[in-house]
Amino acid sequence: MDFSGSHILSIDQFDHSDIDTLFSVAESLEPYSLRKKVTRVLEGAILGNMFFEPSTRTRISFGAAFNLLGGAVRETTEVKSSSLTKGESLMDTAQVLSGYSDIIVMRHPEEGSVESFSQASRVPVINGGDGSNEHPTQALLDLYTIKKELEANHKTIQGLRIALVGDLKFGRAVHSLSKVLCLYKDVTINLISPRKLRLPDSYLRLLTESGVNINEFENIEEGIIEVDIIYMTRIQEERFKNKSDAKKYRGLLRLNEKIYTANCEPNTVIMHPLPRDSRQGANELDSDLYKNPNLAIFRQADNGIVIRMALFALVLGVVEQIGKTSREVNWHTSKRH
Ligand code: NCD
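Per chain, the residues get numbers from 1 upward, laid out in the order the sequence is written. Per-residue local features of the predicted model are confined to residues with pLDDT of at least 70, and side-chain atom pairs are confined, for both listing and counting, to 80 or more; whole-chain, interface and lining totals are unaffected and use all residues. Based on all heavy atoms of the structure, the side-chain values leave hydrogens and waters out of the count.

A cutoff of 4 Å decides nearness: a residue is near a molecule or strand if any of its heavy atoms lies inside that distance of it. Around the ligand sit Thr58, Arg107, His135, Gln138, Arg172, Arg234, Gln236, Pro273, Leu274 and Pro275, and those are all the residues in its vicinity. Pairs of N or O atoms within 3.5 Å make up the polar contacts considered here, provided that, within protein, one atom can donate a hydrogen while the other can accept it, and that residues adjacent in sequence are counted only when both atoms are side-chain atoms. Contact between the ligand and Gln138: a nitrogen atom at 3.2 Å from a side-chain N or O atom of the residue. Within the contact set of the ligand, an oxygen atom lies 2.7 Å away from a side-chain nitrogen or oxygen of Arg172. Exposure was quantified through the Shrake-Rupley algorithm and a 1.4 Å probe, taking into account, for residues, occlusion by the shown protein chains and nothing else. In isolation the ligand offers 310 Å² of accessible surface; the protein chains occlude 93% of this area.

If you want it as structure tokens, here you go:
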């Protein structure tokens, strides 16, 4: 794809070589995310960071990534503090906000909303999550994490065995991730979910047509035996029409040290897009795994920065100029990794 000036709405836009390009730019940006170097390449540019649904990691990491490239960030964090609450259409909001920004990131509870918004926007729009549909940048940072973690274990994405666990029906992170895994050869996906929260048929069809080996389980112990990665997810309670239905699934699929040790291969990596639901009844990923070196969840969250920096640099066409504006940091760098 030609990244320059493009909207980033779906993971479908990426082919193998786009991902290679993105990952190589992301790697070159690590000195900046590690605060070893500073660049001002986006000085003067403004990111409109529009989050009409709760977010911590995605919103802050998009904002921090833009700041790390030297740009400024303006944001809205709730529908109720924006004019959408006065009945303004997304189209009008897009016309207005794109006049104030050079690029926009948007999260919204309705499927397809970010795409409609982008049609009225005069600047590139990046999908930060549209309902239960897609979360393309999460899939990209997940895939980057998978690559890095596998490399540390002398493995590659080709031949990957991964378990996707939890709410596969409403989880947009697993939707985008499963689509991007279709680009790789010899991939096995163990889908572990309650029957009513299975991965939707459209995704299953896509995976099968792409030659991905699929196994389905309702029991976590059986599905995590021979995998390189376990990708846990939260029950997406906010997406259930009937909230009491959601409660039925709370705590059904849990990973803790005991289950991990009894069933997993020694280097099985644990991922989760976060937030994990730490309420006692839920607790899909127990904090007793905190000291397990294979727990990659915070490395995964950190990777959100370089991936989002790389996307901004590519979409705004400044990759070649980063080196020219680069300098050492002024302050004492104490960031540990
Ligand atoms: C995910 C999301 O919003 O879809 N979170 C994230 O962006 N890191 C997953 C979730 O909320 O469960």
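Attention now goes to empty space enclosed by the protein. Only protein atoms enter the calculation, which uses a 1 Å grid: trapped sets of points that fit a 1.4 Å probe without letting it out are cavities, open sets showing protein on both sides within 12 Å along at least five of seven lines are pockets, and any residue with an atom within 4 Å of a point is a lining residue. Grid points are joined across faces, edges and corners, and a volume is the space filled by probe spheres set on the points. If you walk through the whole model with that rule in mind, you get 2 cavities of 30 Å³ or more. What the largest cavity holds in volume is close to 100 Å³. Along its surface, the largest cavity is lined by 13 residues, and Ile235, Tyr249, Gly251, Leu253 and Glu284 are the ones closest to its centre. Across the lining of the largest cavity, the residue classes break down as 6 nonpolar, 3 polar and 4 charged. Approximately 60 Å³ is the volume attributed to the second largest cavity. Residue lining of the second largest cavity: Arg57, Gln138, Leu141, His272, Pro273, Leu274, Ile297, Gln300, Ala301, Gly304 and Arg308, and that is the complete set. Helix and strand assignments come from DSSP, with helices taken as H or I runs of at least 4 residues and strands as E runs of at least 2, each series counted from the N terminus. Elements represented by at least two residues in the lining of the second largest cavity include exactly helix H6 (136-152) and helix H12 (297-315). Three classes are used: nonpolar for Ala, Val, Leu, Ile, Met, Phe, Trp, Tyr, Cys and Pro, charged for Asp, Glu, Lys and Arg, and polar for all others, with Gly counted as polar.

Attention now moves to the packing of H6 against H12. Here an angle of 0 to 180 degrees is reported between the N-to-C directions of two axes, which are lines fitted to C-alpha atoms, with helices fitted over the stretch in contact. It is the contact of H6 with H12, at a shortest axis distance of 8 Å, that shows an interaxial angle of 120°. Note on packing geometry: the crossing formed by H6 with H12 is right-handed. Judged by residue contacts, Thr137, Gln138, Leu140, Leu141, Asp142, Tyr144, Thr145 and Glu149 of H6 engage Arg299, Gln300, Asn303, Gly304, Val306, Ile307, Arg308 and Leu311 from H12. Taken together, the residues that form the contact of H6 with H12 break down as 6 nonpolar, 6 polar and 4 charged. Helix crossings are classified by the rotation of the near helix relative to the far one: an anticlockwise turn of less than a right angle makes the crossing left-handed, while a clockwise turn makes it right-handed. Contacts between residues were defined by any pair of non-hydrogen atoms, one from each residue, lying within 4.5 Å.

Here we come to the pattern of salt bridges. In the sections that follow, a salt bridge refers to a side-chain nitrogen of Lys or Arg positioned within 4 Å of a carboxyl oxygen of Asp or Glu. Here the structure, examined in full by the defined rule, presents 20 salt bridges. Here Lys147 and Glu27 are joined by a salt bridge, their closest N and O atoms 3.7 Å apart. With Lys147 in helix H6 and Glu27 in helix H1 (residues 16-28), the pair connects residues that are 120 residues apart, well separated along the chain. For Lys147, a relative accessible area of 24% puts it in the partly exposed group. Each residue's exposure class comes from its accessible area (1.4 Å probe, protein chains only) as a fraction of the maximum for that residue type: buried when under 20%, exposed when over 50%, partly exposed otherwise. When its relative accessible area of 35% is taken as the criterion, Glu27 is described as partly exposed. We note a salt bridge from Arg239 to Glu53, for which the minimum N-O separation is 2.8 Å. In this pair, Arg239 sits in the loop between strand S9 (229-232) and helix H10 (243-249) while Glu53 sits in the loop between strand S2 (46-51) and helix H3 (57-68), placing the two residues 186 residues apart along the sequence. On the basis of relative accessible area, Arg239 is assigned to the buried category, the value being 15%. You can call Glu53 buried: its relative accessible area is 9%. Each of Glu27, Glu30, Lys147, Lys148 and Glu151 takes part in salt bridges that share partners, so that together they form one network.

Omega for the peptide link from Leu274 to Pro275 comes to 5°, which places this bond in the cis form. As for its placement among the helices and strands, Pro275 is situated in the loop between strand S10 (269-271) and H12. In this model, Arg35 sits at a positive phi of 60°, which is unusual for a non-glycine residue. Of note, Arg35 is situated in the loop between helix H2 (30-33) and strand S1 (37-38). Even without being a glycine, Leu274 presents a positive backbone phi close to 65°. Its location among the elements puts Leu274 in the loop between S10 and H12. Residue Leu274 is classed as buried on the basis of its relative accessible area, which comes to 13%.

Of all 10 residues in helix H7 (residues 172-181), 10 are buried, a share of seventy percent or more. Of all the positions in H7, only Arg172, Ala173, Val174, His175, Ser176, Leu177, Ser178, Lys179, Val180 and Leu181 are classed as buried.

Moving on: the nonpolar core. Judged by nonpolar contacts, the single largest core of 68 residues is most densely connected at Leu29, Ile146, Leu160, Ile162, Leu164, Ile189 and Phe312. The element best represented in this core is H12, accounting for 10 residues. When we break this core down by domain, the ones giving at least three residues each are domain 1 (11-134 + 304-328) and domain 2 (136-298). Contact partners of Leu164, with chain neighbours within four places excluded, come to Val174, Leu177, Ser178, Ile189, Asn190, Leu191, Ile192 and Tyr231. We define the nonpolar core as a collection of buried residues of types Ala, Val, Leu, Ile, Met, Phe, Trp, Tyr and Cys that are connected through side-chain atoms lying within 4.5 Å of one another. With 20 residues, the next largest nonpolar core counts Ala163, Val227, Tyr260 and Leu285 among its residues. Segmentation into domains, and thus their bounds, comes from an automatic or database assignment.

The next thing to look at is the domain arrangement of the protein chain. Per the domain assignment, the segments of the protein chain are domain 1 (11-134 + 304-328) and domain 2 (136-298). Computed from C-alpha coordinates alone, the two centres of domain 1 and domain 2 are separated by 26 Å. Between domain 1 and domain 2, the contact holds 30 residues from the first and 23 residues from the second. In total, about 2,300 Å² of surface goes out of reach between domain 1 and domain 2, with carbon and sulfur atoms giving 59% of it. One can count 7 salt bridges joining domain 1 with domain 2. Measuring nitrogen to oxygen at the nearest pair gives 3.0 Å for the salt bridge that ties Arg172 to Glu53. By residue number, the principal contributor to the side of domain 1 that touches domain 2 is H1, which donates 6 residues. When grouped by side-chain class, the residues that make up the side of domain 1 that touches domain 2 number 12 nonpolar, 8 polar and 10 charged. Buried area: the accessible surface (1.4 Å probe) lost by two parts on joining, summed over both.

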